[in-house]
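The lines below spell out each chain.
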2 protein chains.
Amino acid sequence: MNPAIGAAAAERPAAMAGHEVLAVVLQIRDDRLSVLLWRRARPPFEDRWVLPGGRLGDREGLGESVRRQLAQKVDVRDLTHLEQLETRGEPDRHPYGRMLATAYLGLVPADIDPVIPCDTHWHPASDLPPMGFDHAAMVHSGRRRLRAKLSYTNVGFALAPPEFTMSQLSRYYRAALGHDVAATNLRRVLLRRGQIEETGESVPSGRSGGRPAALFRFRTRRLEITDAFAVLRPPPEG
Amino acid sequence: MNPAIGAAAAERPAAMAGHEVLAVVLQIRDDRLSVLLWRRARPPFEDRWVLPGGRLGDREGLGESVRRQLAQKVDVRDLTHLEQLETRGEPDRHPYGRMLATAYLGLVPADIDPVIPCDTHWHPASDLPPMGFDHAAMVHSGRRRLRAKLSYTNVGFALAPPEFTMSQLSRYYRAALGHDVAATNLRRVLLRRGQIEETGESVPSGRSGGRPAALFRFRTRRLEITDAFAVLRPPPEG
DNA sequence: CCAAAAGTGTTAATGCTACACCCATGC
DNA sequence: GCATGGGTGTAGCATTAACACTTTTGG
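Quick caveat: nothing in here was measured; it's all calculated off a predicted structure.

Novice: Could you give an account of the domain arrangement of chain A, with specific residues and numbers?
Specialist: All names here are of chain A. Along its sequence, chain A is organised into domain 1 (6–149) and domain 2 (153–218). Centre-to-centre, using C-alpha coordinates, domain 1 lies 30 Å away from domain 2. On the side of domain 2, 13 residues touch domain 1, which itself brings 14 residues to the contact. Buried surface at the junction of domain 1 and domain 2, both sides included, amounts to about 1300 Å², of which 67% is carbon and sulfur. Across the contact surface, domain 1 and domain 2 share 1 salt bridge. A salt bridge links R171 to D31; its shortest N-O distance comes to 3.4 Å. If you list the elements that add at least two residues to the side of domain 1 that touches domain 2, you get β2 (32–39) and α3 (135–152).

Novice: Before we move on, could you go through the pairing of strand β7 (residues 120–124) of chain B and cite the residues and values that matter?
Specialist: Residues and elements named next belong to chain B. Among the 5 residues that make up β7, 4 are buried, leaving the element largely enclosed by the rest of the structure. Two elements, strand β2 (residues 32–39) and β7, share 5 bridges in a ladder whose sense is antiparallel. Opposite L37, over in β7, you have H121 as the bridge partner.

Novice: Could you give an account of the protein's contact with DNA strand D, naming the residues involved and the relevant values?
Specialist: Near DNA strand D there are 27 residues, and of these S167, R188, G210 and R211 of chain A together with R192 of chain B occur at the shortest range. Among atoms of DNA strand D positioned within 4 Å of the protein, sugar and phosphate together represent 66%. One of the side-chain N or O atoms of R192 of chain B is found 2.5 Å from a phosphate oxygen in DNA strand D. Contacts to DNA strand D include R193 of chain B, whose side-chain N or O atom sits 2.9 Å from a phosphate oxygen.

Novice: Which residues make up the packing of aromatic side chains, and what values do they have?
Specialist: Residue and element names in this part refer to chain A. The final tally for this structure, using the stated rule, is 4 aromatic pairs over all chains. Aromatic pair F164 and F218: ring centres 5.4 Å apart, planes at 50°, arrangement tilted. With a gap of 54 residues between them, F164 in the loop between α4 (156–159) and α5 (166–177) and F218 in strand β9 (residues 213–218) connect regions that are remote in the sequence. Across the pair, exposure class does not vary: F164 and F218 are buried alike.

Novice: Residues and numbers for the packing of α5 of chain A against helix α6 (residues 183–192) of chain A, please.
Specialist: All names here are of chain A. In contact at an axis separation of 9 Å, α5 and α6 are set at 95° when each is read in the N-to-C sense. If you check the angle between α5 and α6, you find them roughly perpendicular. Between α5 and α6, the contacting residues are M166, S167, L169, S170 and Y173 on the first element and A183, L186, R187 and L190 on the second. Here the residues of the contact of α5 with α6 are counted per class, giving 6 nonpolar, 2 polar and 1 charged.

Novice: Break down the interface of chain B and chain A for me, with residues and values.
Specialist: With 33 residues of chain B in contact, the opposing surface of chain A contributes 34 residues. For the chain B and chain A pair, buried surface summed over both sides reaches about 2400 Å², with 66% attributable to carbon and sulfur atoms. Counting across the interface, chain B meets chain A through 0 salt bridges. Our count for the chain B to chain A interface comes out at 9 residue pairs in polar contact (both at pLDDT 80 or more). If one sorts the elements of the side of chain B that touches chain A by residue count, strand β5 (residues 81–88) of chain B sits on top with 4 residues. In terms of residue class, the side of chain B that touches chain A is built from 13 nonpolar, 9 polar and 11 charged.

Novice: Give me the lowdown on the protein's contact with DNA strand C, citing residues and values where you can.
Specialist: Around DNA strand C lies a shell of 27 residues, among which R192 and G210 of chain A together with S167, R188 and A214 of chain B are the nearest. Backbone atoms, meaning sugar and phosphate, make up 70% of the atoms of DNA strand C lying within 4 Å of the protein. The backbone of R207 of chain A places a nitrogen or oxygen atom 3.1 Å from a sugar or linking oxygen of DNA strand C. T184 of chain B has a polar side-chain atom sitting 3.2 Å from a base oxygen of DNA strand C. Top element by residues in the surface near DNA strand C is α6 of chain A. It accounts for 4 residues. In terms of residue class, the surface near DNA strand C is built from 9 nonpolar, 9 polar and 9 charged.

Novice: Explain the confidence of the model for chain A to me, using residue names and the numbers behind them.
Specialist: Here chain A shows a mean pLDDT of 90. Residues at 70 or above account for 91%. Segment residues 1–15 of chain A is flagged for pLDDT under 50; beyond a separation of four residues in sequence, or across chains, it makes 10 contacts in the model.

Rules behind the numbers
Residues numbered from 1 in each chain as written. Chains lettered and ligands numbered in written order. Predicted model: local features only at pLDDT ≥ 70, side-chain atom pairs only at ≥ 80, totals over all residues. Heavy atoms only, no water. Domains from an automatic or database assignment. Contact = heavy atoms within 4.5 Å. Buried area = accessible area lost by both parts, 1.4 Å probe. Salt bridge = Lys/Arg side-chain N within 4 Å of Asp/Glu carboxyl O. Helix = DSSP H or I, 4+ residues; strand = E, 2+ residues; numbered from the N terminus. Buried < 20%, exposed > 50% of the residue type's maximum accessible area, 1.4 Å probe, protein only. Pairing = 2+ DSSP bridges. Near = heavy atom within 4 Å. Polar contact = N/O pair within 3.5 Å; in protein donor to acceptor, adjacent residues only side chain to side chain. Phe/Tyr/Trp six-rings, centres within 6.5 Å; stacked < 30°, edge-to-face > 60°. Axes fitted to C-alpha atoms, helices over the stretch in contact; angles between N-to-C directions. Parallel < 35°, antiparallel > 145°, perpendicular 65-115°, else oblique. Nonpolar A, V, L, I, M, F, W, Y, C, P; charged D, E, K, R; others polar. pLDDT = per-residue confidence, 0-100.

See the structure below:
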């Protein structure tokens, strides 16, 4: 274990070892996939950006801990989805001693704007600021996971507001996937898979005219795998 | 020598807190997907079956620790693939105190028969014996992960020997996926994706006759995603 | 010659993208 | 009317499962 360096070590005396939970909180903001980061005020990695999170409490589970810390520290309570990403435990990942970290992916729908403390900010996930520890790698894991799941699950529900038009939804997909997504085909894919349904309502057109857009909603707001077995699928029943 | 926390913990339960790594080691044996389990000789969960593993050492990383424990404790050194599955940290998952566990998925090719201690056995993954802790859930995670990855990556390499005939390979896939897989189509799918290639050699037919089978090998024996973006794929270059 | 196992050709179905076209609205 | 954005129809493409058929071997 690293010998303590200067004053900072005084805060965390000899036996620093433990487990922390971290959250890659993603949201589509202004048509960009963004991640919530917190600016460190002290060493190590002073002034670098890190993921929100903190030590696992003695009596709490991992997911529970992430939710608590997000609520307490950055006032994020509106996660529509939370799943475990990965655990990192390289002995030298924390300069002051042994510290394991379990990262979660959390998603916030686009219609919410959580009140966050002044030392936390949303950053475009494709243009991260200088980050501390191994947190940048975790953000990349989160992005990859989200991208993958958008194509075989209904995670879209976690990025979108409860009701939305297809052109809105296609913008969310575009932001999350990083490439163009045609609203017209997205509609058919998601309808075919039974992920979304029409609410029956529609949104009046803006001042520039245009046909009113139908409103849709996700049929369920819990994660489901809708497109398993793209290939090597099991033979039909019987 | 105890995979999970043994007697030492029982003697001083108060001080028990820490992190262990566990391995879901899978192999196709006799055309069945099998998992390596270890029979506990003492409480808690005496006589139940558990995953091999043990405490994370002070100076080792998680993956490193799994490899060490598998080599030392069950003499498994021939993993062709190892990846992290999940970390469980419910406060009550271990009756004697707080213990986090990170589970890995390890794969052993079908042509190897590791020498394992007498208290460990291979069990069919579809018919697990009574298991201790939350280890049965971890085995299920491992199976699901393997099944999923067989359809969009080249993990097959980790189940198969270096060279194989297509009917052998289809048996491995059948065992892992749990449903029929036609050798003829499997061949075309894997060739098209560039996962496998012919070695040029072939295997003489058995005493019952039949055309000699061509030998194949995986082009690479490292994990690659060969079929990303089944849907919502990015538009062509430009 | 016949049975057995491997390998090829072909068809039909699926599910997607792209694009042309039609619809409803504001001005 | 006409510009604007939404929605539908349709053609083409890629990929795969199923199955008939051919090839190569042992007895």
